[in-house]
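Listed here are the chains, written in short residue letters.
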Amino acid sequence: DDPSLTAERIARLREEFWDTSPHYGGSREIWDALKAAIECPDMATTKLLIEAAGIVVASHDMTICYDERGAKYELPLYIICDPVNVMPSQPQAHTQI
C-alpha cells in the first residue's frame, strides 16, 4: 500500500475517521456536529453549529474540543484542513483491447 498522501487517500482517511469517531468516546451528536462544522465552508455557520451544540473549542486549530459534560474530542489535523504535502492524483492507466 502506497502511503503517499493523495487527495483520494485523505478523503478515505477522513471517511474512516468519521465512521469510527463515536468509538473514541463522547456523544454521537457532538461528533456529528463537529463533522458538520468542519465540512461547512462558511465560518459564520461553522461558529453557529459549534455554539448550538455546546462545543467548547480548546485549541486554536480545533483539534481539541469538549462538550458541555466535559467529554474530550480529539480531531486529527488532516480532518480539519488539507495537508500541505498532498501529492497530485495519479492518472488511471487505460488499457487497450
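The preceding data block contains the structure.
All of the points below concern the structure found in this document. (Residues numbered from 1 in each chain as written. Predicted model: local features only at pLDDT ≥ 70, side-chain atom pairs only at ≥ 80, totals over all residues. Heavy atoms only, no water.)

1. Remarks on the nonpolar core
Piece 1. Membership of the largest hydrophobic core comes to 15 residues, with the highest contact counts inside it found for W18, W31, L34, I55, M62 and L75.
Piece 2. The biggest single contributor to this core is helix α2 (residues 28-39), with 6 residues.
Piece 3. Contacts of L75, omitting those with residues within four sequence positions, involve F17, W18, W31, L34, I38, M62, T63 and I80. (Core = buried A, V, L, I, M, F, W, Y, C linked by side-chain atoms within 4.5 Å. Buried < 20%, exposed > 50% of the residue type's maximum accessible area, 1.4 Å probe, protein only. Helix = DSSP H or I, 4+ residues; strand = E, 2+ residues; numbered from the N terminus. Contact = heavy atoms within 4.5 Å.)

2. Some points on the sheet that holds strand β2 (residues 64-66)
Piece 1. What the 3 strands build is an open sheet, ordered β1-β2-β3; its pairing is antiparallel. For this open sheet the edge positions go to β1 (56-57) and β3 (72-74), each flanked by a neighbour on one side alone.
Piece 2. Relative to β3, β2 runs antiparallel, the two sharing 3 bridges. When the sheet's bridge partners are listed, Y66 is paired in β3 with K72. (Pairing = 2+ DSSP bridges.)

3. Quick look at helix α1 (residues 7-20)
Piece 1. For α1, built from 14 residues, the straight-helix expectation of 20 Å at 1.5 Å per residue is met to within 8% by its first-to-last C-alpha distance of 20 Å.
Piece 2. Along α1, the residues classified as buried are I10, F17 and W18. The buried residues of α1 occupy one face: seen down the axis, they fall within an arc of 90°. Along α1, the residues that are exposed and aim more than 90 degrees away from the buried face are E15 and D19. (Expected span 1.5 Å × (residues − 1). Arc of directions from axis to C-beta.)

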